[in-house]
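# Overview (structure and organization)
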Amino acid sequence: MRVTEGGIELEVPGEQTEGVEESVFYNPRQELNRDLTIATLRAFREREPRAESYLDAMAASGVRGVRAAADDWDVTCCDVDEEAVALAEENLERNDCEATVEHRDVNALMHEEVFDVIDLDPYGTPMPFADAAVSNCRDLLCVTATDTAPLCGAHFNSGVRSYSAVPQNTDYHAEMGVRILLSALARSAARFDVGVEPILTHATSHYVRTYLELEHKPTAADAAIDELGHLYHCEDCLHREADPGLIADPLETCPNCGGTRILAAGPVWLGSIRDREFVADVRETVPDSFGTAEKARELCEVLEAELDQPTHYDQHKLCRNWGLPANAMDDFLADLREAGYEGSRAHYGGTTFKTDASVAEIREATADSLD
Ligand SMILES: C[S@@+](CC[C@H](N)C(=O)[O-])C[C@H]1O[C@@H](n2cnc3c(N)ncnc32)[C@H](O)[C@@H]1O
Ligand SMILES: [Zn+2]
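Predicted model only: the values in this text are computed from it and were never measured. (Residues numbered from 1 in each chain as written. Chains lettered and ligands numbered in written order. Predicted model: local features only at pLDDT ≥ 70, side-chain atom pairs only at ≥ 80, totals over all residues. Heavy atoms only, no water.)

Scanning the protein chain from terminus to terminus reveals 14 helices and 17 strands. When the backbone C-alpha atoms are referred to their principal axes, the protein chain occupies close to 65 × 45 × 35 Å. Burial status across the protein chain gives 57% buried among its 371 residues. Sequence-distant contacts, at least 24 apart, represent 62% of the contacts inside the protein chain between residues at least 6 apart. Total accessible area on the protein chain is roughly 15,700 Å²; 45% of this is exposed by carbon and sulfur atoms. For the protein chain, the distance from the average position of its 31 positive side-chain charges to the average position of its 72 negative side-chain charges is 2 Å. (Helix = DSSP H or I, 4+ residues; strand = E, 2+ residues; numbered from the N terminus. Buried < 20%, exposed > 50% of the residue type's maximum accessible area, 1.4 Å probe, protein only. Contact = heavy atoms within 4.5 Å. Areas by Shrake-Rupley, 256 points an atom, 1.4 Å probe, with all protein chains shown as cover. Lys, Arg positive; Asp, Glu negative; His and termini not counted. Charge placed at Lys NZ, Arg CZ, Asp CG, Glu CD.)

Ideal values for angles at a metal depend on the geometry: 109.5 degrees with four tetrahedral donors, 90 or 180 degrees with six octahedral donors. Every protein donor of the zinc ion (ligand 2) is accounted for by Cys 234 (SG), Cys 237 (SG), Cys 254 (SG) and Cys 257 (SG), and the metal-donor separations fall at 2.3 Å. Coordination geometry of the zinc ion (ligand 2): the four donor atoms subtend angles of 103 to 113° at the metal centre, consistent with an arrangement described as tetrahedral. In terms of primary sequence, the donors binding the zinc ion (ligand 2) are separated according to C-x2-C-x16-C-x2-C. Linking Cys 237 in the loop between strand S12 (228-234) and strand S13 (240-244) with Cys 257 in the loop between S13 and strand S14 (262-269), this pair joins segments that are 20 residues apart in sequence. (Donors = N, O, S within 2.8 Å, 3.2 Å for Na, K, Ca; no water. Tetrahedral: all angles 85-135°; square planar, octahedral: opposite > 155°, others 65-115°.)

As summarised here, the arrangement of the three strands in space is S15-S17-S16, forming an open sheet in which the pairing is antiparallel. Taken across any chain shown, the strands that pair with only one partner, and hence form the sheet edges, are strand S15 (313-314) and strand S16 (343-345). As paired elements, S15 and strand S17 (residues 352-355) share two bridges and run antiparallel to each other. The residue bridging Tyr 313 from the neighbouring strand is Phe 353, located in S17. (Pairing = 2+ DSSP bridges.)

Turning our eyes to something else, we now look at the site of ligand 1. As a structural note, the neighbourhood of ligand 1 is formed by 16 residues, with Met 58, Arg 64, Asp 79, Val 106 and Asp 121 the closest of them. One of the side-chain N or O atoms of Asp 105 is found 3.2 Å from a nitrogen atom in ligand 1. The side chain of Asp 121 places a nitrogen or oxygen atom 2.7 Å from a nitrogen atom of ligand 1. Expressed as a share of its isolated accessible area of 610 Å², the protein-covered part of ligand 1 is 86%. Applying the majority rule of atoms within 2 Å of the grid points places ligand 1 in the largest pocket. Taken together, the residues of the shell around ligand 1 break down into nine nonpolar, no polar and seven charged. (Near = heavy atom within 4 Å. Polar contact = N/O pair within 3.5 Å; in protein donor to acceptor, adjacent residues only side chain to side chain. 1 Å grid on protein atoms, 1.4 Å probe; cavity = no way out; pocket = protein on both sides within 12 Å on 5 of 7 lines; lining within 4 Å. Sits in = over half its atoms within 2 Å of the grid points. Nonpolar A, V, L, I, M, F, W, Y, C, P; charged D, E, K, R; others polar.)

Now for the UniProt feature "binding site: Zn(2+)" (unreviewed entry) in the protein chain. The UniProt feature table records "binding site: Zn(2+)" (unreviewed entry) at Cys 234, Cys 237, Cys 254 and Cys 257. Across 24 residues in sequence, these annotated residues keep their C-alpha atoms within 8.6 Å of one another, forming a single compact spot. Tracing the backbone shows Cys 254 in the loop between S13 and S14. If we skip the residues at most four places from it in the chain, Cys 254 touches Cys 234, Cys 237, His 239, Gly 259 and Ile 262. Setting aside residues no more than four positions away along its own chain, Cys 257 makes contact with Cys 234, Asp 236 and Cys 237. (UniProt positions renumbered as here; feature names shortened; annotations may be inferred.)

Quick look at a negative patch on the surface now. Together, Glu 46, Glu 277, Asp 281 and Glu 284 make up a region of like negative charge exposed at the surface. With three residues, helix H10 (residues 276-285) is the largest single contributor of residues to the negative patch. Here Glu 46 shows up in helix H1 (residues 31-47). (Patch = residues over 30% accessible without salt bridge, like charges linked within 9 Å, V, L, I, M, F, W, Y side chains within 5 Å. Salt bridge = Lys/Arg side-chain N within 4 Å of Asp/Glu carboxyl O.)

Turning our eyes to something else, we now look at the layout of surface pockets. Counted as a void, the largest pocket has a volume near 700 Å³. For the largest pocket, the lining is made up of 31 residues, of which Met 58, Ala 60, Asp 121, Pro 122 and Tyr 123 are closest to its centre. If you list the elements that add at least two residues to the lining of the largest pocket, you get helix H2 (63-70) and strand S6 (74-79). Looking at the lining of the largest pocket, its residues break down into 16 nonpolar, six polar and nine charged. Empty space within the second largest pocket amounts to approximately 310 Å³. Around the second largest pocket, the lining comprises 23 residues; the ones closest to its centre are His 173, Ala 174, Ala 203, His 206 and Tyr 348. Residue assignment for the lining of the second largest pocket shows that the elements contributing at least two residues are helix H6 (148-152), helix H8 (173-190), strand S10 (194-204) and strand S11 (207-216). Across the lining of the second largest pocket, the residue classes tally to eight nonpolar, twelve polar and three charged. If you count residues domain by domain, the lining of the second largest pocket takes at least three from each of domain 1 (2-305) and domain 2 (313-370). (Points joined across faces, edges and corners; volume = space filled by probe spheres on them. Domains from an automatic or database assignment.)

A few words on the packing of helix H13 (residues 329-338) against helix H14 (residues 359-370). Relative to each other, H13 and H14 sit at 130°, their axes nearing to 9 Å. The pairing of H13 with H14 is recorded here as oblique in orientation. In this structure, the crossing between H13 and H14 has a hand that is right-handed. The segment H13 lies against H14, with Phe 332, Asp 335 and Leu 336 engaging Ile 362, Ala 365, Thr 366, Ser 369 and Leu 370. The residue makeup of the contact of H13 with H14, split by class, is five nonpolar, two polar and one charged. (Axes fitted to C-alpha atoms, helices over the stretch in contact; angles between N-to-C directions. Parallel < 35°, antiparallel > 145°, perpendicular 65-115°, else oblique. Left-handed = near helix turned anticlockwise from the far one by under 90°.)

Here it is, written out as structure tokens:
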């Protein structure tokens, strides 16, 4: 079947069912991910004009590589699957794009060649590719993780194995995934004296995507490790605390409700998940012609305003826990701000928000409007 995306045309094996293209080599549900990738590459090149080479490490149909090549990146597409490689070659040719195509295990390729930008887009966890990628990527590492159940603690053992960290299943599960992934990538990079700075990260429908600016310097690696810490979460009242540093000092009793059902997670990334200015640049770079332009810009806008507190709340879950009806999110946030706290929406869902107020303070600040 023929697919058009971001101004390029692809031929992929598969069928269109009810308007949705289904193919092992092309996932239409990742178009937002790819549109944001291209916008990020454009914004990043403005920031780092030296960046020229882009490795589409798991090319499949070659869609990322073709789109990057159409934008004048010096592209290498790699895939271990023979059919995928043939397809990527066809799709490059169909769009008059030039790129090097490699049929091999991308871990071997990354250990042999250095790239300015590496894009990891595997099925499931990216961690088997992290060492080769962080040590052989010069400037920008783009990573997708689709194994959200292990990342958020729903598949606990698998999460511990893949990420060498303890995830916990909480009401902020997608954000738990973001922070577990960033922690594991920061620790992988640190082993090669590389520091990571997440300049854009989002959790969207069953995947996490992050863009890490790399600095090859021991002190930068130390700075990234300084962003790690632990989270303690009360299962009874949803009170949570962030504990910076690698040595955990877990809460035994909840300071809010006195409960003892406390979950401890970590090491997680407690730092910022994006650079506000960079995200604004990405938003301004998204052209109207992209299929997901509106969604991509909206996501950037929310990310720009999102507070840096390491865990978001879900207004509906809080209200349910309190046995109170939820009101409009804007009124709820206005109450928080009126009481002197910071409050923002969060990109994890329509009822999610961030604040510097504790659960008890949120309840007090919003009580009059909810009763
Ligand atoms: C999720 S798909 C990539 C989708 C594509 N990047 C896109 O945006 O549509 C994952 C691809 O990784 C390839 N792959 C898996 N292990 C690999 C390895 N070790 N080296 C290179 N490619 C690999 C698979 O063959 C598959 O085509
Ligand atoms: Zn509690």
